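The primary structure of each chain is shown beneath.
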Amino acid sequence: MISPWETLDRTTVAELKIFTAALVRRKHPKTNAIGTFTVLDSAEWVNIIPITPENNVVMIRQYRHGTDSITLEVPGGLVEHDENPAEAGMRECREETGYAASETAVFLGSTEPNPAFMNNCCHSYLWHNCSLQYAQAFDQFEDIEVELVPLRAIPELIRQGTIRHSLTLTAFFFYHLHSNIF
């Protein structure tokens, strides 16, 4: 039977904008071997699938530093300390795309982006009947283009590798489970 490892100590090694990096010493419950592991502490993340009345998905293209590429993905970001994930998803959608709806977003599911070294979750939501209602509101490091993609085109964009962002893929997986539309 697998047991939790005993935490012996934890040292913060870097306070970064979206992560705190820590070195955690833990003892193996069976062998008593002691190892040091890197853990990234992060706020919860959220993404949202906004769908227009015409059955288009409101997606965004933006440059990503990690892969040095421009990606096609759904809106999303960090959950602020004073908001719940649904509010955060709707806020991120308004800021990044200008699209919103009068109804509340529907929870699709949560995932652990990489539990090997990260401690957070990403929550996925679906938001129906979105329409353009606001101007985009970027921070100084964002440059986002909105793209309306027919919902029926999503599976082929995934197969082609056009949509590659793992958390966007997860959101569409949850959507498929929720609606069985694809």
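Above: the structure in question.
Reading the values: the criteria
- Residues numbered from 1 in each chain as written.
- Predicted model: local features only at pLDDT ≥ 70, side-chain atom pairs only at ≥ 80, totals over all residues.
- Heavy atoms only, no water.
- Helix = DSSP H or I, 4+ residues; strand = E, 2+ residues; numbered from the N terminus.
- Buried < 20%, exposed > 50% of the residue type's maximum accessible area, 1.4 Å probe, protein only.
- Areas by Shrake-Rupley, 256 points an atom, 1.4 Å probe, with all protein chains shown as cover.
- Lys, Arg positive; Asp, Glu negative; His and termini not counted.
- Charge placed at Lys NZ, Arg CZ, Asp CG, Glu CD.
- Polar contact = N/O pair within 3.5 Å; in protein donor to acceptor, adjacent residues only side chain to side chain.
- Phe/Tyr/Trp six-rings, centres within 6.5 Å; stacked < 30°, edge-to-face > 60°.
- Core = buried A, V, L, I, M, F, W, Y, C linked by side-chain atoms within 4.5 Å.
- Contact = heavy atoms within 4.5 Å.
- Pairing = 2+ DSSP bridges.
- Salt bridge = Lys/Arg side-chain N within 4 Å of Asp/Glu carboxyl O.

Draft legend 1. Focus on the overall build of the protein chain. Within the protein chain, the secondary structure is distributed over three helices and 12 strands. Its C-alpha atoms put the protein chain at 60 × 40 × 30 Å along the principal axes. Looking at the protein chain as a whole, 38% of its 182 residues qualify as buried. When the accessible surface of the protein chain is totalled, it reaches about 10,500 Å², and 52% of it is carbon and sulfur. Here the protein chain holds 13 positive side-chain charges and 23 negative ones, and the gap between their average locations is 9 Å.

Draft legend 2. Structural view of the environment of Glu156. Its location among the elements puts Glu156 in helix α2 (residues 154–160). Here the alpha-carbon distance between Glu156 and Glu80, two residues 76 residues apart in the chain, equals 34 Å. Side-chain polar atoms of Glu156 contact the side chain of Arg159, separated by 3.1 Å.

Draft legend 3. Looking closely at the packing of aromatic side chains. Per the stated rule, a full pass over the model turns up four aromatic pairs. Measuring from centroid to centroid gives 6.4 Å for Phe19 and Trp45, while their planes differ by 70 degrees, and the two rings are edge-to-face. Remark: Trp45 occurs in strand β4 (residues 45–50) and Phe19 occurs in the loop between β1 (6–15) and β2 (20–27); sequence separation between them is 26 residues. The exposure class assigned to Phe19 is buried, which follows from its relative accessible area of 17%.

Draft legend 4. Representation of the nonpolar core within the structure. Among the nonpolar cores identified, the biggest contains 17 residues, and Ile49, Val57, Met59, Ile154 and Phe172 are the most heavily contacted of them. Elements with a minimum of two residues in this core: β5 (56–64), α2 and α3 (166–179). When residues of this core are assigned to their parent elements, the largest contribution, four residues, is made by α3. In this structure Val57 touches Ile49, Pro50, Ile51, Glu147, Leu148, Val149, Leu151, Ile154 and Phe172, once residues within four positions along its chain are discounted. With 15 residues, the next largest nonpolar core counts Ile48, Met90, Tyr99 and Ala105 among its residues.

Draft legend 5. Focus on the pairing of β1. Where β1 meets β2, eight bridges bridge the pair, whose relative direction is antiparallel. Paired with Asp9 across the two strands is Arg25, which belongs to β2. Linking β1 back to β2 in an antiparallel pair, the connection comprises four residues.

Draft legend 6. Representation of the side chain of Glu73 in the model. One can find Glu73 in strand β6 (residues 69–73). At 3.0 Å, the side chain of Glu73 forms a polar contact with the side chain of Gln62. Leave out the neighbours within four places in its chain, and Glu73 touches Met59, Ile60, Gln62, Arg64, His165 and Thr168.

Draft legend 7. Just the side chain of Glu83, in detail. Relative to the assigned elements, Glu83 resides in the loop between β7 (76–78) and α1 (85–97). With a relative accessible area of 16%, Glu83 lands in the buried category. Within the structure, Glu83 has its side chain in polar contact with the backbone nitrogen of Glu80 (distance 2.9 Å). In terms of polar contacts, Glu83 uses its side chain to reach the side chain of Arg91, at 2.6 Å. Residue contacts for Glu83: discarding those within four places in its chain leaves Leu78, Ala88 and Arg91.

Draft legend 8. Spotlight on the pattern of salt bridges. This model, assessed by the stated rule, comprises nine salt bridges. Put simply, Arg91 and Glu83 hold a salt bridge, and the shortest N to O gap is 2.6 Å. Pair check on accessibility: Arg91 and Glu83 agree, each one buried. Using a relative accessible area of 15% as the deciding quantity, one classes Arg91 as buried. Residues participating in the shared-partner salt-bridge network are Glu83, Arg91, Glu92 and Glu95.

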